[in-house]
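Chain and residue survey
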Amino acid sequence: MALTPPVKEHPYSHLIDTLQDGKIQFFNLQKLSDPRYDKLPLSIRVLLEAAVRNCDGFFTKEEDVQNVLDWQQQSKAEVPFSPARVLLQDFTGIPAMVDLAAMRDAVAKHGMDPSLVNPKCPTDLIVDHSLQIDYSKCHSAIQNAPNPGAGDGQSQGPGPSRPAPSWRGSQCGVQRGSCSKSSCSDPPPAAGRGSGQQIENTPLLCPFHLKPVSDTETTLKNQELELIRNKERLQFFKWCSKAFKNVNVVPPDVGAVHQVNLEYLCRVVQVSDGFIYPDSVVGTDSHTTMINGLGILGWAVGGIESEAVMLGQPVSLTLPEVVGCKLVGSINPLTTSIDVVLGITKHLRQAGISGKFVEFFGAGVCQLSAPDRTTIANMCPEYNATVSFFPIDQVTLKHFRNTNFTQEKLELIESYLKAVKLFRSYEDASEDPEYSEVIEINLSTIAPCVSGPKRSQDRVAVSSMKEDFQSCLDEKVGFKGFHVSKEKQNALVPFLHGGQEYQLAHGSLVIAAVISCTNNCNPSVMLTAGLLAKKAVEAGLVVKPYIRTSLAPGSGMVTHYLSTSGVLPYFSQLGFEVIGYGCATCVGNTAPLPEAVVDAIKQGDLVACGVLSGNRHFEGRLCDCVRANYLASPPLVVAYALAGKVGIDFEKEPLGETSEGKQVFLRDIWPSREEVQQTEEDTVISSVFKDLRARMEKGNTLWSSIECPDSVVFPWDHKSTYIRSPSFFSKLGKDVPPPQSIENAHVLLFLGNKVTTDHISPAGSIARVSAAAKYLQSKRLTPREFNSYGARRGNDAVMTRGTFASIKLLNRFIGKPGPKTLHIPTGQTLDVFEAADRYHRDGVPLIILAGKDYGSGNSRDWVAKGPYLLGVRAVIAESFEKLHVKQLVGVGIVPLQFLPGDSADSLELSGKERFSVTLPESLSPRQQLTVKTSQGKSFLVTALFDTEMDVIFFQHGGHLRYVARTFL
């Protein structure tokens, strides 16, 4: 970012040094000549450089620089951080851009120039984040049946073999378009570097010829429907790219946001106005943290915070503790990066590092490739760390050498990073900085595992999977248990599919999704899965036909290397066909299960299972009838799909038999580490990234044809059900009003522990009986036109009605899961929105009571905006997800935490009382406030304002109103 004020007035101008014969300047922090600098973790050095460079005496002061430098002694100090760029994805990016468009309206109404409202920080908005599957396998268009809450999945289960696709042995054109070959009865070509050279944007290749079929094939059909379904918001995105300065919109059909960030947008260092400085980013997607695996500091923030950064404000954070994670030992050859990820996740989860930075060091780090590191960094939201940082070393530079970085750029990067001591040699222990604490992990102890069946932190060794699933059936309902009685555990339910009878049982697989968005930065796991599929096909193994398998690459790079390695046709033969790019199964955007499968599950009250290689799997998220869901590496997804069940001991039980009746075990077809590495070396080369860059720059024909308004302010279409001007700026004045106390508030929801962002603001399909559905039906839309909550995040009317609409929400007022609550004055059970609307009409403020870990999960700004528009003034909980606290403050909701030892139960609160909280005019961080009830009780809570800036934002009514006032 450009320096403000000019360099000559800069308080640290004496630190300015030069590179490349004076052509490039930088702040050389070694000129501080302060011994504390060499002891700082490298992630803290990045914060320090940003504080020095952006020291303007207002947002960033010299005191902040000294606090960062004195990090160990100032661990509770609050400092600003100005990242180099902002990353938005379409689902959470659209409300951010809608808010900026609405802010232009508000500024114009006060007689000011609306064109002044522009991002000051460079902003990248990636349109392709969440894909809805309409076409899968050999099916024609799948009706977009609603999925209450989390979403539908792809189904699977035990039974006989999967028959060949109906078009095998005939023309490729049957249901797919046509291939240039005369018949698809030919055997698939041998895997190898020379096969499958044709790579387009997202084509599904004929699995027997590795040639693209015509434009009626699955992937392009899904893309075309996406463009049709989301035309309004795509027009709005295109208007944003033209109307706002400093906004770069990456068009559809390129890749998911986190992958585009890794493969295309990362800079390692930024050069602006003749100055070089470290690349850094904040993003509205929880996977933003992946970028830390490349030595680029970045983390997820709420949409409101991202908007503030876009408009020139720094992120405010309390100086974090930095946990040094020392890696030692050697990785087992059969252990994949996903196993390493889940192993490290478990260690760090148990270490209690919520809100801390994690920085990796030790000789073991050298064994991890750059893709390994980004995969590990991706999981830090699961153990509640802010970032998992891998400082740049020679392994990282080698990675960039294969990703279109010129030799000149690499030399500049290395010379700059070494000049400011941001470059690491992990074998040299003398370079190790000082950490708040050190956790040592021996990589040799990590065995292949899956994670589930309900929470990602519940790791299960593959060798113990059969016994563990049995214990889940036996245990009482809880984080793992399903409490199935002994006499029902052996139930078998027959059903017909495709004219053939199959049986489902407890543990039958009904969803198997190879999702590479969080894994395709590491080609080894995808190639392992592909080679496993190849060997399975060659051994004569098949996947049962009612199992709805899918392959969702995160970017074209994955399709490229799967094709050039020759494994893509074998994926297809097992049913794992490319369905398109973007998030699908993880966010509930998959096709519904076959009715016969759903009926069988319900008839037997079966614990059906799903296995996917993503990183999110809350109960019911994939499909409401699939109760057990496991995260696994891509090759294990294929393995369990072949087995048709999760209750299997791979060491003792075969996956199936050859045509000669010989048993085939997993060990017989699992590719060796050497085989995978050789295939990776032969296929994942610099040309892959060159092709990706060419696709980016070429753009998308359908995107180019979209027309958009040419105006400074957006011409809102009042009939639109996608894009609507929100009410956040209503009654906006120049003066800041005093804090308004909460008087006689009712409790809208009385919640327990672990209320996630999925519970608060679902991202999947819109249920037909929901409040949002009623609104859309009033606009004369049919259920097939509802689309998903994520797609309609630009419409506050839909998103407010979708708040707390999860079928898994457990409200203690009701006693069973569902999006209902008690309207206390009448005693009626209503939809949450309907109850809030009644309270609003009666002028009654609202609060929420909750237990521990309120707001955990993905970063979504509607988890704060939604409750705000429902009329919620405060949330009182035992503990909060740290990021969610910032989101609540960012919209003007006060997060109140019970004192240690206190809870709604210990205080004997029924939730039916009325609550009052007095807010003093002079609020301060972590101030204790008194809550009084209509029953005469009173208790203390802590207002979770971490910083003075939090207090200022809250007093203004949130970030948006604060920023808008700067233009008035």
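Structure: above.
Procedures and definitions
- Residues numbered from 1 in each chain as written.
- Predicted model: local features only at pLDDT ≥ 70, side-chain atom pairs only at ≥ 80, totals over all residues.
- Heavy atoms only, no water.
- Helix = DSSP H or I, 4+ residues; strand = E, 2+ residues; numbered from the N terminus.
- Polar contact = N/O pair within 3.5 Å; in protein donor to acceptor, adjacent residues only side chain to side chain.
- Contact = heavy atoms within 4.5 Å.
- Salt bridge = Lys/Arg side-chain N within 4 Å of Asp/Glu carboxyl O.
- Buried < 20%, exposed > 50% of the residue type's maximum accessible area, 1.4 Å probe, protein only.
- Core = buried A, V, L, I, M, F, W, Y, C linked by side-chain atoms within 4.5 Å.
- Phe/Tyr/Trp six-rings, centres within 6.5 Å; stacked < 30°, edge-to-face > 60°.

1. A short note on the side chain of Ser-879
Here Ser-879 is to be found in the loop between β30 (872-877) and α28 (882-891). At 2.8 Å, the side chain of Ser-879 forms a polar contact with the backbone nitrogen of Asp-853. Ignoring anything within four residues of it in the chain, the contact list for Ser-879 reads Gly-851, Lys-852, Asp-853, Tyr-854 and Gln-897.

2. Observations concerning the pattern of salt bridges
Throughout the structure, instances matching the rule amount to 33 salt bridges. Of the charged contacts, one joins Asp-279 and Arg-85 as a salt bridge, the two residues approaching to 3.0 Å between their closest N and O atoms. Pair noted here: Asp-279 is in the loop between β8 (275-278) and β9 (280-283) and Arg-85 is in strand β4 (residues 85-89), with a separation of 194 residues, a long-range link. One salt bridge in this structure joins Asp-90 and Arg-233, with 3.6 Å as the shortest N-O distance. Of this pair, Asp-90 sits in helix α4 (residues 90-109) while Arg-233 is found in helix α6 (residues 231-243), placing the two residues 143 residues apart along the sequence. Judged by relative accessible area, Arg-233 falls into the buried class, the value being 3%. A network of salt bridges, in which partner residues are shared, links Lys-774, Lys-820, Asp-831 and Glu-834.

3. A word on the nonpolar core
Formed by 197 residues in total, the largest nonpolar core has its most connected members in Met-97, Met-103, Phe-236, Trp-299, Leu-748, Phe-804 and Tyr-854. The element best represented in this core is α4, accounting for 11 residues. Trp-299 has contacts with Leu-47, Phe-81, Val-281, Val-282, Gly-283, Thr-288, Thr-289, Val-315, Leu-317, Phe-357, Thr-386 and Val-387, leaving out every residue within four places of it along the chain. Formed by 78 residues, the second largest nonpolar core is a distinct cluster that contains Leu-509, Leu-527, Val-543 and Leu-666.

4. Looking at the packing of aromatic side chains
Evaluated as defined, the whole model comprises 26 aromatic pairs. Between Phe-728 and Tyr-868, the aromatic rings sit 6.2 Å apart at their centres with planes inclined by 35°, giving tilted as the arrangement. In this pair, Phe-728 is assigned in the loop between α22 (701-705) and β26 (742-750) and Tyr-868 in helix α27 (residues 862-870), connecting sequence segments 140 residues apart. Judged by its relative accessible area of 6%, Phe-728 falls in the buried class. By relative accessible area, Tyr-868 is classed as partly exposed at 30%. Each ring, one from Phe-945 and one from Phe-954, has its centre 5.1 Å from the other, and the planes form 45°; the classification is tilted. Relative accessible area serves as the criterion here: at 0%, Phe-945 is assigned to the buried category. A relative accessible area of 11% places Phe-954 in the buried class.

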